[in-house]
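The residues making up each chain are set out below.
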Amino acid sequence: MSESQGARIIVVGGVAGGASAAARARRCNERAEIILFEKDEYVSFANCGLPYFIGDEISERSKLLVATPELFKNRFNIDVRTRHLVQSINVENKTVSVLNRESGEEIEETWDRLILSTGAAPITPPIPGIDAGNVFTLRNLNDADAIKAFITEHNCRKAVVVGAGFIGLEMVEQLHQLKLETELVELQPQVLPLLDSEMARFVQNELTDHGVKVHLGTALEKIQVENGKACSLKLGNGTQIDTDVVILGIGVSPAIELARAAGIEIGVCGGIAVNDVMQTSHPEIYAVGDAIDYQHGVLEAPQRIPLAGPANRAGRIAGQHAASDTADPMISPMGTAIVRVFGLTAAITGLSKKSAERNQRQSRSIIVVGKHHAGYFPGAQQLFLKLTYDPETGRILGAQSVGREGVDKRIDVIATALKFKGTVRDLAGVDLCYAPPFGSAKDPIHMAAFVACNDLDELTRIKEVDADLSGYQILDVRSQQEVDTFRFPDITHIPVDELRGRLEELDPTQPTITVCHTGMRAYVAARILQQSGFENVHNLTGGMLMQRYARPELFE
């Protein structure tokens, strides 16, 4: 499609994907006629900022409005029509039927190219009381306004958040900051189900340390309603929770009804199927954002990834291709995500260990404990980094990190390595900036890669944090004071600095696990043993510190 053709491009839906598509289409084709229909009041707003607006951390509502219809018209010559619902698509005639939600008028518009950015809808379970007036979901600015107004007008003191994913945790934090007594309910046995359980436990502890009561492994069964309002929740385990307001953060489902009715192919994961320039099964119709199935960058298979970053990038590609017939292909997203929970940050990119196993990908994981910058420089904060990789090729499969500072930097670096199909050996040599206020000469990223390389080279093999240790002689090389604090039930205790002179206390024919606080001294011990006739030696990754999170029942 050349610029002189003056194509008519219709975009269905705004926010991240649709607004980006419309603006990019204009920048690539000045002659095109571009119309954007948005069913709600606001065409482009910062939906990721909504929890922080509810909690007054973002105090000015106007800051959330990224672009207005007036800006789109004046700067981009794009006709934005809010409160207009596209009801159907006629693929053969290239038309859409549109309802003006204010006037009730129905119109029909023609298109040469059509871009669908229909988003996703919050999941609401079909349980008694779900329609109560104080049970809310959070998807747009009107939802945020309603939640904020209800809390203020009804002087709410107690809140329950259902769902411990990213949005749920952000809402817990913000409700707590509003001085509401907040409880969290999650069907899975852990918070942040995308993370591995031992990494998620840091977040759980942060919640409980701030007085949030966490209910895990139990479903919301019923909402008790009085005078049209939820007054208590009954959980599947019999627990009853009194509340003034309920926020549902269970997840979202792709809004595919419009596409399905038009005969557009739906993908295996339930979103609209697209190619790498966001074309659907009808090449003149594109789809972007939370409504689509993405090709996952590690799995190289379709996945649902309802995140703002991929939605913006997909919108840019679709807009350019719709306007000019050319665009760079979409780079497959890795599901890189991050959340702040009070003073703690948790983030992930690529595959967790459990997601690798679920998708039948061979993998191994190591955990290192470091500082976010030089330990001797004031303010150094502890940082936990879990690296998952292919045990044969060394290809990086994913990473998770938890800490109070520096988490985003490490995950972003590893996400970049993932994009280029990097290996742990690549990561071991990556050249990162260093000065004491910012990092370490051997960054936690390097340390994680070094451990993985040692494992691949069989210099020191690792045992994963949740490995079955039965049948091993466990050598604990910490100090006596550390061992007295917490320990495995059956160990041989030899401090690492005494090990060379006390090797006779160990059986070299027995498989051996070395342990210390974080794994560093145990690595030294393992090397001593391996060069002293011990053939089957492993280092327990993350040490005893991570055992507190992987096997807390051992230390209660």
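Scope of this entry: the structure provided in the associated data block. Fair warning: this is a prediction, and the values are worked out from it, not measured in the lab.

Procedures and definitions
Per chain, residue numbering runs from 1 following the sequence as it is written. A pLDDT threshold of at least 70 governs which residues receive local features in this predicted model, and a stricter bar of 80 or more applies before side-chain atom pairs are shown or counted, although totals over entire chains, interfaces and linings include all residues. Think of the side-chain values as coming from all heavy atoms in the structure, minus any hydrogens and water. Note on conventions: DSSP H or I runs of at least 4 residues are helices, E runs of at least 2 residues are strands, and numbering of each starts at the N terminus. Exposure categories follow from relative accessible area, calculated using a 1.4 Å probe and restricted to protein chains: below 20% of the type maximum is buried, above 50% is exposed, and the middle band is partly exposed. Whether two residues are in contact is decided by their heavy atoms, any of which lying within 4.5 Å being enough. Residue exposure ignores everything except the shown protein chains as possible cover, and the areas themselves are Shrake-Rupley values with a 1.4 Å probe. We treat Lys and Arg as the positive residues and Asp and Glu as the negative residues; His and chain ends play no part in the count. Here the site of a charge means NZ on Lys, CZ on Arg, CG on Asp, or CD on Glu. Here the rule is simple: two strands pair whenever DSSP picks up at least two bridges between them. Between the N-to-C directions of two axes lies an angle of 0 to 180 degrees, each axis being a line fitted to C-alpha atoms and, for a helix, fitted only over the stretch in contact. Pairing of N or O atoms within 3.5 Å defines a polar contact, subject to two protein rules: one partner must be a possible hydrogen donor and the other a possible acceptor, and residues neighboring in sequence count only if both atoms are side-chain atoms. Pairs were defined over the aromatic rings of Phe, Tyr and Trp, the Trp ring being its six-membered one, requiring ring centres within 6.5 Å. Orientation was assigned from the angle between planes: stacked under 30 degrees, edge-to-face over 60, tilted for the rest. Only when the NZ of Lys or the CZ of Arg is both within 6 Å of the ring centre and within 35 degrees of the ring normal is a charge said to sit over the ring. Helix span, as expected, comes to 1.5 Å for every residue beyond the first. Two helices that cross are described as forming a left-handed crossing if the nearer one is turned anticlockwise from the farther one by less than a right angle, and a right-handed crossing if clockwise. Each residue is assigned to one class: nonpolar for Ala, Val, Leu, Ile, Met, Phe, Trp, Tyr, Cys and Pro, charged for Asp, Glu, Lys and Arg, and polar for all the others, Gly among them. Orient the strands so they point away from the viewer, and a crossover whose first-strand-to-second-strand path over the helix runs clockwise is right-handed. Surface patches are defined over residues having more than 30% relative accessible area and no salt bridge, joining like charges when they lie within 9 Å and nonpolar side chains (Val, Leu, Ile, Met, Phe, Trp, Tyr) when within 5 Å. Each reported salt bridge corresponds to a side-chain nitrogen of Lys or Arg within 4 Å of a carboxyl oxygen of Asp or Glu. Here, nonpolar core refers to any group of buried Ala, Val, Leu, Ile, Met, Phe, Trp, Tyr and Cys residues whose side-chain atoms link them within 4.5 Å.

## Points about the overall build of the chain
Across its full length, the chain holds 15 helices and 32 strands. Taken over the C-alpha atoms alone, the chain extends approximately 90 × 60 × 45 Å along its principal axes. A buried classification covers 54% of the 556 residues belonging to the chain. For the chain, the share of sequence-separated contacts (at least 6 apart) that also reach a separation of at least 24 residues comes to 65%. Of the accessible surface of the chain, which amounts to about 24000 Å², a share of 47% is contributed by carbon and sulfur atoms. Measuring between centres, the 55 positive side-chain charges of the chain sit 2 Å from its 71 negative side-chain charges.

## Quick word on the sheet that holds strand β29 (residues 473–476)
Within the open sheet, the 5 strands sit side by side as β28-β32-β31-β29-β30. Their pairing is parallel. Of all strands in the sheet, those bounded by a partner on one side alone are β28 (461–463) and β30 (492–493). The pairing of β29 with β30 spans 2 bridges and is parallel. Bridged to Asp476 within β30 is His493.

## Observations regarding the environment of Val91
Here Val91 shows up in the loop between β6 (84–90) and β7 (95–100). Along the primary structure Val91 and Glu482 are separated by 391 residues, whereas in three dimensions their C-alpha atoms are 70 Å apart.

## Some remarks on the sheet that holds strand β2 (residues 33–38)
Read across the open sheet, the 5 strands follow the order β5-β2-β1-β9-β20; overall the sheet is parallel. Both outer strands of the open sheet, β5 (79–82) and β20 (285–287), are each paired with one neighbouring strand and no more. Looking at each pair of strands side by side, their axes are set apart by 15° on average, direction ignored. Direction of pairing for strand β1 (residues 8–12) relative to β2: parallel, over a ladder of 5 bridges. In the strand pairing of β2, Arg8 is matched with Glu33.

## Quick notes on the side chain of Gln473
Here Gln473 is to be found in strand β29. Overall, the relative accessible area of 16% leaves Gln473 in the buried class. A distance of 2.7 Å separates a polar atom in the side chain of Gln473 from the backbone oxygen of Asp507. Apart from the residues lying within four places of it in its own chain, the contact partners of Gln473 are Leu506, Asp507, Gln510, Pro511, Thr512, Ile513 and Phe534.

## Some remarks on the packing of aromatic side chains
Evaluation of the coordinates by the stated rule reveals 5 aromatic pairs. Centroid distance Phe72 to Phe76: 6.1 Å. Interplanar angle 45°. Geometry classified as tilted. Taken together, the residues Phe72 and Phe76, both in helix α3 (residues 69–76) and 4 residues apart, mark about one turn of the helix. In this structure Phe72 comes out as buried when scored by relative accessible area, which is 3%. Within the aromatic cluster, the residues linked to one another by ring pairs are Phe202, Phe384 and Tyr549. Above the plane of the ring of Phe53 lies Lys148, whose end atom (NZ or CZ) is 4.8 Å from the centre. Over the ring of Phe486 we find Arg548, and its NZ or CZ is 3.8 Å from the ring centre.

## A short note on helix α12 (residues 444–456)
A rise of 1.5 Å per residue sets the reference length of α12, with its 13 residues, at 18 Å; its end C-alpha atoms lie 18 Å apart and thus fit the reference within 8%. With respect to burial, α12 is a largely interior element, 10 of its 13 residues being buried. For α12, the full list of buried residues reads Pro444, Ile445, His446, Ala448, Ala449, Ala452, Cys453, Asn454, Asp455 and Leu456. Of the surrounding elements, those touching the buried residues of α12 are β25 (364–371), β26 (382–389), α10 (407–419), α11 (424–428), β28 and α14 (520–530). Positive phi appears at Glu458, one or two residues downstream of α12, with a value of about 60°.

## Topic: the packing of helix α1 (residues 15–28) against helix α8 (residues 308–324)
Two quantities define a packed helix pair, namely the angle between the axes and the distance from one axis to the other. One can describe the packing of α1 onto α8 by two numbers: an axis separation of 7 Å at closest approach and a directional angle of 35°. Taken as a pair, α1 and α8 cross one another with a handedness that is right-handed. Touching Ala16, Gly17, Ser20, Ala21, Arg24, Ala25 and Cys28 of α1 are Ala308, Ala311, Asn312, Gly315, Arg316, Gly319, Gln320 and Ala323, all from α8. Taken together, the residues that form the contact of α1 with α8 break down as 7 nonpolar, 6 polar and 2 charged.

## Focus on the pairing of strand β12 (residues 158–162)
Judged by how many residues are buried, β12 sits mostly within the fold: 4 of 5 residues are covered. As defined by bridge partners, β12 adjoins strand β13 (residues 181–186) across 5 bridges and the pair is classed as parallel. Along β13, the bridge assignment pairs Val161 with Leu184. Once you follow β12 into helix α5 (residues 166–177) and on to β13, the crossover reads as right-handed. Both β12 and strand β18 (residues 245–248) contribute to a ladder of 4 bridges, which runs parallel. Bridged to Val160 within β18 is Val246.

## Brief notes about a nonpolar patch on the surface
Taken together, Tyr376, Phe377 and Tyr434 make up a surface patch of nonpolar side chains, about 340 Å² in accessible area. As for its placement among the helices and strands, Tyr434 is situated in the loop between α11 and α12. Using a relative accessible area of 39% as the deciding quantity, one classes Tyr434 as partly exposed.

## Some details on the pattern of salt bridges
Taken as a whole and judged by the stated rule, the model has 28 salt bridges. Ionic pairing is found between Arg502 and Glu505, a salt bridge with its closest N-O pair at 2.7 Å. A relative accessible area of 22% places Arg502 in the partly exposed class. Three or more residues are tied together by salt bridges with common partners; here these are Arg8, Glu33, Asp79, Arg81 and Glu109.

## Focus on the nonpolar core
Ranked by size, the top nonpolar core spans 53 residues in total, and within it Ile9, Ile89, Leu114, Leu116, Ile272 and Met278 carry the most contacts. Counting 51 residues, the second largest nonpolar core, distinct from the first, contains Phe45, Ala159, Phe166 and Leu184.

## Thoughts on the pairing of strand β16 (residues 229–235)
Alignment of strand β15 (residues 220–226) against β16, held across 6 bridges, turns out to be antiparallel. Across the sheet, Lys222 pairs through a bridge with Lys234, a residue of β16. Hairpin connection from β15 to β16: 2 residues lie between these consecutive antiparallel strands, with Asn227 at a positive phi of about 55°. Alignment of β16 against strand β17 (residues 240–242), held across 3 bridges, turns out to be antiparallel.

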